[in-house]
Amino acid sequence: MWFFSDVYLIYLCSGLIILPCLLLAAWASARVHSTYNKYNKLPTSTDWTGSDTARMLLEKNGIADIAVVRGKGKLTDNFNPRSKTVTLSESTYASNSVAAVAVSAHEIGHVVQRARGYAFYRLRTALVPLTNIGSMLAFPVVIVGVILEWTLASSTAGNIVVFAGICLYALSTLFCLVTLPVELNASSRAKKMLAETGVLVTEEEQKAAAKVLSAAAMTYVASLLTSLVYFLRFLLYVFLLTGRRRND
């Protein structure tokens, strides 16, 4: 019964911590959409569209091997380095709004990061396959380690396997941590490029673009906090499983 009572306590405590993180994530997502919708009604004085801006910024940065294509949906914009394409959503591609131009420039910011060898971008790219593997294997590896610790005379091997499982699970949190500076840097590059190239002329337009990009950044802050809380809860489960055995 002690196990189930402790698990219930962990769920209760972690739930009280996770709930604010989830509320923050929901608020951040709502803020992105409301900010985008607000400034999607503000046209650029230069009449540049999202796709026009993307192609021009690629040319200005001397990048000729990236295609700009139209995608589906809203705010589904992304850069795929494997296919060498920047996909702009329906709400961005042909729109001449400040919001669309800001989102488009942000994606080109990622292209420039890749072209310039930005360290955090390279690290995040390297972490993608490791994070996918870690998310699948973390729980099974920990369970194997706990079984080894409970069945072997020496708990050293079990401890090593458990530690490996913890490291695998931590990769997702590390990925979120690395993603934050990548996204902030892409937004910083976007604001600078839009100002230098004259796509956004007035101070009002530049401030509006900054608000769109700042709102988007908050979603990554929320993701990092949520991932960190889940990782801490995972650690509590592991310590519960291994600590009880040592006390018996």
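Residues numbered from 1 in each chain as written. Predicted model: local features only at pLDDT ≥ 70, side-chain atom pairs only at ≥ 80, totals over all residues. Heavy atoms only, no water.

Undergrad: Honestly, the UniProt feature "transmembrane region" (unreviewed entry) in the chain in this entry has me stumped. Any pointers?
TA: In the numbering used here, UniProt assigns the feature "transmembrane region" (unreviewed entry) to residues 6-28, 126-148, 160-182 and 217-240. Split by type, residues 160-182 is 100% helix and 0% strand. Its first and last C-alpha atoms lie 32 Å apart. Secondary structure content for residues 217-240 is 100% helix and 0% strand, while the C-alpha to C-alpha distance between its ends is 35 Å. (UniProt positions renumbered as here; feature names shortened; annotations may be inferred. Helix = DSSP H or I, 4+ residues; strand = E, 2+ residues; numbered from the N terminus.)

Undergrad: Honestly, a nonpolar patch on the surface in this entry has me stumped. Any pointers?
TA: Taken together, the side chains of I133, M136 and L137 make up a nonpolar region of the molecular surface, amounting to roughly 290 Å² of accessible area. Within the secondary structure layout, M136 lies in helix α5 (residues 119-151). On the basis of relative accessibility, which here comes to 59%, the residue M136 falls in the exposed class. (Patch = residues over 30% accessible without salt bridge, like charges linked within 9 Å, V, L, I, M, F, W, Y side chains within 5 Å. Areas by Shrake-Rupley, 256 points an atom, 1.4 Å probe, with all protein chains shown as cover. Salt bridge = Lys/Arg side-chain N within 4 Å of Asp/Glu carboxyl O. Buried < 20%, exposed > 50% of the residue type's maximum accessible area, 1.4 Å probe, protein only.)

Undergrad: How do you make sense of the side chain of N185 when you look at a structure like this?
TA: Relative to the elements of secondary structure, N185 occurs in helix α6 (residues 156-197). Residue classification places N185 among the buried positions, given a relative accessible area of 18%. With residues near it in sequence (within four places) discarded, N185 still touches Q113 and Y118. (Contact = heavy atoms within 4.5 Å.)

Undergrad: Sorry if this is basic, but what is going on with the pairing of strand β3 (residues 85-88) here?
TA: If a strand is regular, its side chains alternate between the two faces of the sheet. Where burial is concerned, the two faces of β3 agree: the one with T85 and T87 and the one with V86 and L88 are both buried. The pairing of strand β2 (residues 78-80) with β3 spans three bridges and is classified as antiparallel. Bridge assignment links F79 to a residue of β3, and that residue is V86. Turn length for the β2-β3 hairpin, with the two strands adjacent in sequence and antiparallel, is four residues, and the turn residue K84 shows positive phi of about 55 degrees. (Pairing = 2+ DSSP bridges.)

Undergrad: Looking at this model, I keep getting lost on the nonpolar core. Mind explaining?
TA: The nonpolar side chains of a soluble globular protein tend to be buried with one another. Within the largest apolar cluster, 36 residues are counted, with the highest numbers of intra-cluster contacts made by L58, I66, V86, I108, V111 and L200. Breaking this core down by element, the ones donating at least two residues are α1 (2-39), α2 (50-60), β3, α4 (98-116), α6 and α7 (203-247). At ten residues, α4 tops the list of elements feeding residues into this core. Those residues in contact with V86 that sit more than four places away from it in its chain are I66, A67, V68, V69, N78, F79, E107, I108 and V111. (Core = buried A, V, L, I, M, F, W, Y, C linked by side-chain atoms within 4.5 Å.)

Undergrad: How should I be thinking about the environment of V229 in this particular structure?
TA: Mapped onto the secondary structure, V229 falls in helix α7. The exposure class of V229 is buried, given its relative accessible area of 11%. Through-space distance from the C-alpha of V229 to that of T173 is 9.3 Å; in sequence the pair is 56 residues apart.

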